Amino acid sequence: MSAIRIESVVKKFGNQAAALKGVSLEIPDGEILALIGESGSGKTTLLRILAGLELPDAGIIEIGDQEVANDHTFVEAQHREIGLVFQDYALFPHMSAEENIAFGLHSWTAAQRQNRIQEVLELVGLSQMATRYPHQLSGGQQQRVALARALAPKPRMLLLDEPFSNLDTVLKDQVREDVRKIIKQSGLTAILVTHDIQDALSTADRIALLKDGTLQQLDTPVNLYNCPQNPYVAAFFGKINLIPARYQEGKIFTELISFPVNTAPNRLEGLLCVRPRQIKLVADTSGFPAEVIAREYQGDQLQFKVKTQSQYLWCQTHQEPIALGQQVRLRIEIEEPYLLKSD
């Protein structure tokens, strides 16, 4: 059963181009979905429509077995049973962690409220910090308090708006892992809006990539990375080389080189998707020649751009430093090739 169904949703703001142009997707119970895209892609607008903070101009929003927005129905945000985690956490500075969590439990009895506060504090690993105020907590701890507050009323789903954007790089990895674990333990369906590729890849079960108000692809992180549906999706998740190619009798043929593959590609002709890590330096003449024209040092690896006889390519190595202008030979190594349409 789908926890959330979004059907042909359209949203316009004034005379501007539509922010959402007929977006449709379904999210099953217990899934974490990431909405990702560039600024202006429509991801935040879609989140606000789900939350009941914006009214769609057309389409249907269904949560569980209830239609909360359609041509003649609109359920207000406070009646949708949704937990919200905001980008800036929105904690009340004059309230302790437990008081912040209790804010949404006014209709509960004192005993019920206290039991639930202890449950969610334990769930987010902050039982010993119940009486601390936001300024006494680290960024990661503040975020967990905000998550606990959203979970406390036992919502039907959880919406998170750029939840990791205020965290430094060192802290992000651990907090992402913690948040995913907490959401999975709660059993909730969650939608995460982010512009950060790593947030989406490491946290979500599936990712919906939006561009200019349209859904480009909805898939698992692995499939989005390895089997993109168009060049935009391919490039969004990291540097990609798109090489004209055809498949015949167990081999891939390109202008640069031909090589055997273990598996037949998804089509016989098109653009071969090659990530930088799939192009290897070789010491002999078996590879195709190229000249290094740019470098990007990335700590544990080096990405470098080369010029071949027919196009430019991005490659990757863990080997010795590569000099600008250096002549190199390269080999493409792909076990399961994937071809995009070339038109």
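See the structure above.
Residues numbered from 1 in each chain as written. Predicted model: local features only at pLDDT ≥ 70, side-chain atom pairs only at ≥ 80, totals over all residues. Heavy atoms only, no water.

(A) Representation of the environment of Leu-137. Assignment of secondary structure puts Leu-137 in the loop between α3 (110–123) and α4 (139–151). What makes Leu-137 buried here is its relative accessible area of 8%. It is 9.1 Å that separates the C-alpha atoms of Leu-137 and Ala-97, two residues lying 40 residues apart in sequence. Not counting chain neighbours up to four residues away, the residues in contact with Leu-137 comprise Met-129, Arg-132, Gln-142 and Val-145. (Helix = DSSP H or I, 4+ residues; strand = E, 2+ residues; numbered from the N terminus. Buried < 20%, exposed > 50% of the residue type's maximum accessible area, 1.4 Å probe, protein only. Contact = heavy atoms within 4.5 Å.)

(B) Quick peek at the sheet that holds strand β18 (residues 312–317). Strands sit in the order β15-β19-β16-β17-β18 across an open sheet of five strands; the sheet is antiparallel. With partners counted over all chains shown, the strands left at the sheet margins are β15 (279–282) and β18, one partner each. Pairwise comparison of adjacent strand axes, ignoring direction, gives a mean angle of 50° for this sheet. Inspection of the sheet shows β15 paired to strand β19 (residues 327–332) by four bridges, in the antiparallel sense. Paired with Lys-280 across the strands is Arg-331, a residue of β19. (Pairing = 2+ DSSP bridges. Axes fitted to C-alpha atoms, helices over the stretch in contact; angles between N-to-C directions.)

(C) Spotlight on the pattern of salt bridges. For the structure on display, the rule yields 16 salt bridges. Of the charged contacts, one joins Asp-196 and Lys-172 as a salt bridge, the two residues approaching to 3.0 Å between their closest N and O atoms. Remark: Lys-172 occurs in helix α5 (residues 169–186) and Asp-196 occurs in the loop between β8 (189–194) and α6 (197–203); sequence separation between them is 24 residues. An identical accessibility class is assigned to Asp-196 and Lys-172; each is buried. The salt bridge involving Lys-211 is made with Asp-212; its shortest N-O contact spans 3.2 Å. We classify Asp-212 as partly exposed; its relative accessible area is 44%. Each of Arg-5, Glu-7, Glu-62 and Glu-67 takes part in salt bridges that share partners, so that together they form one network. (Salt bridge = Lys/Arg side-chain N within 4 Å of Asp/Glu carboxyl O.)

(D) Quick look at the environment of Ala-234. Locating Ala-234 in the fold gives a position in helix α8 (residues 231–236). Assessed through its relative accessible area of 0%, Ala-234 is described here as buried. Sequence-wise, Ala-234 and Cys-273 are 39 residues apart; in three dimensions their C-alpha atoms are separated by 7.8 Å. Ignoring sequence-local partners within four residues, the contact set of Ala-234 consists of Pro-228, Ile-240, Arg-275 and Leu-340.

(E) How the structure looks around the side chain of Thr-189. Within the secondary structure, Thr-189 sits in strand β8. Apart from residues lying up to four places away in sequence, Thr-189 is in contact with Ala-3, Ile-4, Ile-27, Pro-28, Asp-29, Gly-30, Glu-31, Arg-156, Met-157 and Leu-158.

(F) A look at the nonpolar core. Counting 45 residues, the largest nonpolar core has Ile-101, Leu-147, Leu-158, Leu-160, Ile-207 and Phe-237 as its most contacted members. The element best represented in this core is α4, accounting for six residues. In this structure, Ile-27, Leu-46, Ile-63 and Ala-208 belong to the second largest nonpolar core, which totals 27 residues. (Core = buried A, V, L, I, M, F, W, Y, C linked by side-chain atoms within 4.5 Å.)

(G) A look at the packing of α4 against α5. Packing of α4 against α5 leaves a shortest axis separation of 10 Å and a crossing angle of 15°. Our classification of the angle between α4 and α5 gives roughly parallel. Between α4 and α5 lies a crossing whose hand is right-handed. The segment α4 lies against α5, with Gly-139, Gly-140, Gln-143, Arg-144, Leu-147 and Leu-151 engaging Leu-171, Val-175, Val-179, Ile-182 and Ser-186. Of the residues in the contact of α4 with α5, the class split is six nonpolar, four polar and one charged. (Parallel < 35°, antiparallel > 145°, perpendicular 65-115°, else oblique. Left-handed = near helix turned anticlockwise from the far one by under 90°. Nonpolar A, V, L, I, M, F, W, Y, C, P; charged D, E, K, R; others polar.)

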